[in-house]
Amino acid sequence: MNLIKVENYRYNNKEVIEVIYQARNHYNNRMHLRSGAKVTTKDDAENILNTMGKKGVFWIIEENKVVVGYCGLGNIHEQDRRGELYLVTSPSSWINNIEYELTVGKAIIEEAFNIQNLVDRIDAVVYSYCRNRIELIQKLGFKQEGICRNAHYWGGTWYDEHIFGLLKDDYNETRKS
(Lines give C-alpha, C1' and ligand atoms only; values in the text may rest on other atoms or scores of the structure.)
Protein backbone atom coordinates (compact mmCIF):
# COMPACT_ATOMS: atom_id res chain seq x y z
CA MET A 1 0.00 0.00 0.00
CA ASN A 2 1.29 3.45 -0.94
CA LEU A 3 0.01 6.85 0.13
CA ILE A 4 0.70 9.49 -2.48
CA LYS A 5 0.21 13.16 -1.69
CA VAL A 6 -1.90 14.89 -4.30
CA GLU A 7 0.68 17.60 -4.95
CA ASN A 8 3.13 14.82 -5.85
CA TYR A 9 0.56 12.72 -7.67
CA ARG A 10 1.96 11.16 -10.82
CA TYR A 11 -1.26 9.87 -12.41
CA ASN A 12 -3.40 12.02 -14.62
CA ASN A 13 -6.35 13.48 -12.79
CA LYS A 14 -8.86 11.49 -14.86
CA GLU A 15 -7.85 8.29 -13.08
CA VAL A 16 -8.18 9.92 -9.66
CA ILE A 17 -11.51 11.51 -10.60
CA GLU A 18 -12.78 8.10 -11.69
CA VAL A 19 -11.82 6.54 -8.33
CA ILE A 20 -13.52 9.38 -6.44
CA TYR A 21 -16.60 9.05 -8.64
CA GLN A 22 -16.84 5.26 -8.25
CA ALA A 23 -16.07 5.25 -4.52
CA ARG A 24 -18.56 8.00 -3.68
CA ASN A 25 -21.31 6.34 -5.74
CA HIS A 26 -21.02 2.87 -4.26
CA TYR A 27 -23.75 1.99 -1.74
CA ASN A 28 -21.37 0.69 0.93
CA ASN A 29 -19.37 3.92 0.88
CA ARG A 30 -22.34 6.28 0.68
CA MET A 31 -23.79 4.80 3.85
CA HIS A 32 -20.68 6.05 5.72
CA LEU A 33 -20.74 9.58 4.30
CA ARG A 34 -22.52 12.26 6.28
CA SER A 35 -24.87 13.26 3.49
CA GLY A 36 -25.06 9.80 1.92
CA ALA A 37 -25.22 11.73 -1.34
CA LYS A 38 -23.95 10.44 -4.63
CA VAL A 39 -21.40 12.33 -6.66
CA THR A 40 -23.65 12.62 -9.69
CA THR A 41 -21.12 13.75 -12.30
CA LYS A 42 -17.42 13.49 -12.98
CA ASP A 43 -17.33 17.28 -12.55
CA ASP A 44 -18.53 16.78 -8.95
CA ALA A 45 -15.71 14.29 -8.39
CA GLU A 46 -13.21 16.72 -9.91
CA ASN A 47 -14.44 19.45 -7.55
CA ILE A 48 -13.74 17.14 -4.59
CA LEU A 49 -10.21 16.54 -5.87
CA ASN A 50 -9.58 20.23 -6.48
CA THR A 51 -10.99 21.33 -3.12
CA MET A 52 -9.25 18.69 -1.01
CA GLY A 53 -5.96 18.92 -2.88
CA LYS A 54 -5.66 22.67 -2.29
CA LYS A 55 -6.53 22.84 1.38
CA GLY A 56 -5.90 20.03 3.81
CA VAL A 57 -4.31 16.64 3.66
CA PHE A 58 -5.34 14.64 0.61
CA TRP A 59 -3.74 11.39 -0.41
CA ILE A 60 -4.41 8.85 -3.08
CA ILE A 61 -4.27 5.24 -1.87
CA GLU A 62 -2.49 2.93 -4.26
CA GLU A 63 -2.32 -0.84 -4.10
CA ASN A 64 -0.22 -2.81 -6.61
CA LYS A 65 0.12 0.36 -8.73
CA VAL A 66 -3.67 0.73 -8.93
CA VAL A 67 -5.54 3.63 -7.33
CA VAL A 68 -8.02 2.17 -4.82
CA GLY A 69 -9.16 5.16 -2.80
CA TYR A 70 -8.41 8.44 -1.11
CA CYS A 71 -8.03 9.67 2.43
CA GLY A 72 -7.08 12.72 4.39
CA LEU A 73 -8.23 15.57 6.51
CA GLY A 74 -11.10 17.71 5.24
CA ASN A 75 -13.60 20.29 6.44
CA ILE A 76 -10.73 22.34 7.81
CA HIS A 77 -11.76 25.38 9.84
CA GLU A 78 -8.78 27.74 9.88
CA GLN A 79 -10.01 29.93 12.72
CA ASP A 80 -10.72 26.97 15.00
CA ARG A 81 -7.68 25.01 13.72
CA ARG A 82 -9.66 21.80 13.35
CA GLY A 83 -10.44 19.30 10.61
CA GLU A 84 -12.20 15.99 10.03
CA LEU A 85 -10.57 12.62 9.27
CA TYR A 86 -11.83 10.61 6.27
CA LEU A 87 -11.00 7.42 4.33
CA VAL A 88 -12.84 6.33 1.17
CA THR A 89 -11.92 3.23 -0.84
CA SER A 90 -13.11 2.04 -4.22
CA PRO A 91 -15.65 -0.81 -4.49
CA SER A 92 -13.02 -3.04 -6.11
CA SER A 93 -10.70 -2.69 -3.11
CA TRP A 94 -12.77 -3.13 0.08
CA ILE A 95 -9.77 -2.68 2.27
CA ASN A 96 -10.82 -3.81 5.72
CA ASN A 97 -7.49 -4.53 7.36
CA ILE A 98 -7.07 -2.87 10.76
CA GLU A 99 -3.26 -2.62 10.44
CA TYR A 100 -3.57 -0.98 7.03
CA GLU A 101 -6.18 1.46 8.31
CA LEU A 102 -4.04 2.26 11.38
CA THR A 103 -1.10 3.05 9.10
CA VAL A 104 -3.25 5.36 6.97
CA GLY A 105 -4.78 7.04 10.03
CA LYS A 106 -1.41 7.61 11.71
CA ALA A 107 0.03 9.12 8.52
CA ILE A 108 -2.88 11.56 8.19
CA ILE A 109 -2.64 12.57 11.85
CA GLU A 110 1.13 13.10 11.74
CA GLU A 111 0.89 15.14 8.52
CA ALA A 112 -1.94 17.32 9.85
CA PHE A 113 -0.47 17.95 13.30
CA ASN A 114 3.30 17.98 12.88
CA ILE A 115 4.34 18.18 9.24
CA GLN A 116 1.94 20.76 7.80
CA ASN A 117 0.84 22.11 11.22
CA LEU A 118 -2.68 22.56 9.84
CA VAL A 119 -4.78 21.93 12.92
CA ASP A 120 -4.71 21.51 16.68
CA ARG A 121 -7.71 19.19 16.73
CA ILE A 122 -9.01 16.38 14.50
CA ASP A 123 -12.63 15.28 14.61
CA ALA A 124 -14.04 11.94 13.56
CA VAL A 125 -17.69 10.98 13.23
CA VAL A 126 -18.52 7.28 13.18
CA TYR A 127 -21.98 5.76 12.85
CA SER A 128 -23.20 3.25 15.42
CA TYR A 129 -23.30 0.36 12.93
CA CYS A 130 -19.54 0.73 12.25
CA ARG A 131 -18.11 -1.01 15.32
CA ASN A 132 -14.80 -1.74 13.56
CA ARG A 133 -14.40 1.97 12.75
CA ILE A 134 -15.10 2.93 16.37
CA GLU A 135 -12.36 0.51 17.45
CA LEU A 136 -9.98 1.93 14.82
CA ILE A 137 -10.58 5.54 15.89
CA GLN A 138 -9.95 4.62 19.53
CA LYS A 139 -6.72 2.80 18.62
CA LEU A 140 -5.58 5.99 16.88
CA GLY A 141 -5.92 7.81 20.21
CA PHE A 142 -9.23 9.59 19.68
CA LYS A 143 -11.46 10.13 22.72
CA GLN A 144 -15.21 9.71 22.47
CA GLU A 145 -16.78 13.07 23.27
CA GLY A 146 -20.42 12.33 22.72
CA ILE A 147 -23.20 10.59 20.85
CA CYS A 148 -25.77 12.32 18.68
CA ARG A 149 -28.77 10.06 18.86
CA ASN A 150 -30.71 9.25 15.68
CA ALA A 151 -28.54 11.67 13.70
CA HIS A 152 -27.97 9.55 10.57
CA TYR A 153 -30.79 8.15 8.44
CA TRP A 154 -29.88 5.35 6.06
CA GLY A 155 -31.85 2.57 4.48
CA GLY A 156 -35.01 3.36 6.40
CA THR A 157 -33.32 3.29 9.81
CA TRP A 158 -32.00 5.95 12.17
CA TYR A 159 -28.48 5.52 13.57
CA ASP A 160 -26.46 7.33 16.21
CA GLU A 161 -23.33 9.34 15.40
CA HIS A 162 -20.38 8.76 17.72
CA ILE A 163 -18.31 11.94 17.98
CA PHE A 164 -14.56 11.60 18.59
CA GLY A 165 -11.79 14.14 18.98
CA LEU A 166 -8.00 14.07 19.07
CA LEU A 167 -5.97 17.04 20.31
CA LYS A 168 -2.51 17.77 18.99
CA ASP A 169 -1.09 18.15 22.52
CA ASP A 170 -2.51 14.78 23.60
CA TYR A 171 -1.23 13.09 20.44
CA ASN A 172 2.29 14.48 20.81
CA GLU A 173 2.37 13.63 24.55
CA THR A 174 1.56 9.96 23.82
CA ARG A 175 4.25 9.88 21.12
CA LYS A 176 6.87 10.88 23.71
CA SER A 177 6.04 8.02 26.07
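Note: the structure precedes this text.
Everything numeric here is computed off the predicted structure, so don't read it as measured data.

Our focus in this paragraph is the overall build of the chain. Summing up its helical and strand segments, the chain has 6 helices and 7 strands in all. Mapped in sequence order, the helices and strands of the chain form the string β-α-α-α-β-β-β-α-β-α-β-β-α. Sorting the 177 residues of the chain into buried and exposed places 47% on the buried side. In the chain, the share of contacts with a sequence separation of at least 24, taken over all contacts with a separation of at least 6, comes to 61%. Accessible surface, the chain as shown: approximately 9,700 Å² in total, 45% of it carbon and sulfur.

Bridging between strand 5 (residues 121-127) and strand 7 (residues 157-167) involves 7 bridges; their strand directions are antiparallel. By the bridge assignment, V125 is partnered in strand 7 with I163. Judged from the 8 bridges that link them, strand 6 (residues 143-154) and strand 7 form a sheet pairing that is antiparallel. Residue pairing in the sheet places C148 in a bridge with E161 of strand 7. Here strand 6 hands over to strand 7 after 2 residues, with G155 in that stretch at a positive phi of 60°.

It is worth spelling out the packing of aromatic side chains at this point. In the structure shown here, the tally under the stated rule is 4 aromatic pairs. Relative to Y159, the ring of Y129 has its centre 4.4 Å away and its plane inclined at 75°; by these criteria the two rings are edge-to-face. In this pair, Y129 sits in the loop between strand 5 and helix 5 (131-139) while Y159 sits in strand 7, placing the two residues 30 residues apart along the sequence. Judged by its relative accessible area of 23%, Y159 falls in the partly exposed class. Of the aromatic side chains, those joined through ring pairs into one cluster are Y127, Y129 and Y159.

Quick look at the pattern of salt bridges now. Counted according to the given criterion, the structure contains 6 salt bridges. For D123, the salt bridge is made with R121, and the minimal N-O distance between the two is 2.6 Å. Judged by relative accessible area, which is 12%, D123 ranks as buried. A residue is classified by how much of its surface remains accessible, and R121, at 17% relative accessible area, is buried. Linked by salt bridges that have partners in common, R82, R121, D123 and E145 make up one network.

The rules we used
- Residues numbered from 1 in each chain as written.
- Predicted model: local features only at pLDDT ≥ 70, side-chain atom pairs only at ≥ 80, totals over all residues.
- Heavy atoms only, no water.
- Helix = DSSP H or I, 4+ residues; strand = E, 2+ residues; numbered from the N terminus.
- Buried < 20%, exposed > 50% of the residue type's maximum accessible area, 1.4 Å probe, protein only.
- Contact = heavy atoms within 4.5 Å.
- Areas by Shrake-Rupley, 256 points an atom, 1.4 Å probe, with all protein chains shown as cover.
- Pairing = 2+ DSSP bridges.
- Phe/Tyr/Trp six-rings, centres within 6.5 Å; stacked < 30°, edge-to-face > 60°.
- Salt bridge = Lys/Arg side-chain N within 4 Å of Asp/Glu carboxyl O.

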